[in-house]
Amino acid sequence: QVQLVESGGGLVQPGGSLRLSCAASGSSFSINTMNWYRQAPGKQRELVARITGGGATVYADSVKGRFTISRDNAKNTVYLQMNSLKPDDPAVYYCNVQTSIWSNWGQGAQVTVSS
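This one's a predicted model, so the numbers in the text were calculated from it and none came from an experiment.

Enquirer: Explanation requested: the overall build of the protein in the structure shown.
Expert: Secondary structure assignment for the protein yields 0 helices and 11 strands. Relative to its length of 115 residues, the protein is compact, with a C-alpha radius of gyration of 14 Å against a globular reference of 13 Å. Seen through its principal axes, the protein has C-alpha atoms that stretch 45 × 25 × 25 Å. Burial status across the protein gives 41% buried among its 115 residues. Taking as baseline every contact in the protein between residues at least 6 positions apart, the subset at least 24 positions apart corresponds to 53%. In the structure as shown, the protein presents an accessible area of about 6,100 Å², 45% of it carried by carbon and sulfur atoms.

Enquirer: Would you mind going over the state of the cysteines with me for this structure?
Expert: Taken as a whole, this structure holds 1 disulfide when the rule is applied. With its sulfur 2.0 Å from that of its partner, Cys22 forms a disulfide with Cys95. Around the S-S axis, the bridge from Cys22 to Cys95 shows a dihedral of about 50° and counts as right-handed. In this pair, Cys22 sits in strand β3 (residues 18–25) while Cys95 sits in strand β9 (residues 91–98), placing the two residues 73 residues apart along the sequence. Pair check on accessibility: Cys22 and Cys95 agree, each one buried.

Enquirer: I keep staring at the pairing of strand β11 (residues 109–113) and nothing clicks. Help me out?
Expert: Note on strand geometry: in a regular strand, side chains alternate between the two faces of the sheet. Burial along β11 is one-sided: Ala109, Val111 and Val113 are buried, while Gln110 and Thr112, pointing the other way, are not. The pairing of strand β2 (residues 10–12) with β11 spans 3 bridges and is classified as parallel. Across the sheet, Val12 pairs through a bridge with Val113, a residue of β11. Of the pairings in the sheet, the one linking β9 to β11 comprises 3 bridges and is antiparallel in character. Directly across from Ala91, in β11, lies its bridge partner Val111.

Enquirer: Help me out: how do you make sense of the packing of aromatic side chains in this one?
Expert: For any two aromatic rings, the description comes down to two numbers: the centre-to-centre distance and the angle of the planes. Going through the model one piece at a time under the given rule, you end up with 1 aromatic pair. Positioned over the ring face of Tyr94 is Arg45, at 3.8 Å from the centre of the ring. Directly above the ring of Trp105 sits Arg45, whose terminal nitrogen or CZ lies 4.7 Å from the centroid.

The rules behind the values
Residues numbered from 1 in each chain as written. Predicted model: local features only at pLDDT ≥ 70, side-chain atom pairs only at ≥ 80, totals over all residues. Heavy atoms only, no water. Helix = DSSP H or I, 4+ residues; strand = E, 2+ residues; numbered from the N terminus. Rg over C-alpha atoms; globule rule 2.2 N^0.38 Å. Buried < 20%, exposed > 50% of the residue type's maximum accessible area, 1.4 Å probe, protein only. Contact = heavy atoms within 4.5 Å. Areas by Shrake-Rupley, 256 points an atom, 1.4 Å probe, with all protein chains shown as cover. Disulfide = S-S within 2.5 Å. Pairing = 2+ DSSP bridges. Phe/Tyr/Trp six-rings, centres within 6.5 Å; stacked < 30°, edge-to-face > 60°. Lys NZ or Arg CZ within 6 Å of the ring centre and 35° of its normal.

All quantities given are derived from atomic positions and should not be read as evidence of function.
Structure (structure tokens):
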């Protein structure tokens, strides 16, 4: 059974940094696209960043220049480096991993930005 395990959330001051990780295990299929989404209270889940199997990346306008998505294919792990965190960034961050057969979600990591 495929499992996605997220880590790295927490509390940070405005302007600070956090790094999220999401490790996939148990898949018999090659992982294609890996995504990070976030959902703040009362808001819809939104795409934050995407990285394809070929390494192409896409970012939400609100995080461009501050967040960086990367992946380690040998470890089936996707990362989200978040710098210059703002009061608008707090949310539960979810990884989403896709193969040609399935699409799974991580359990979510809470990110809080507060002084």
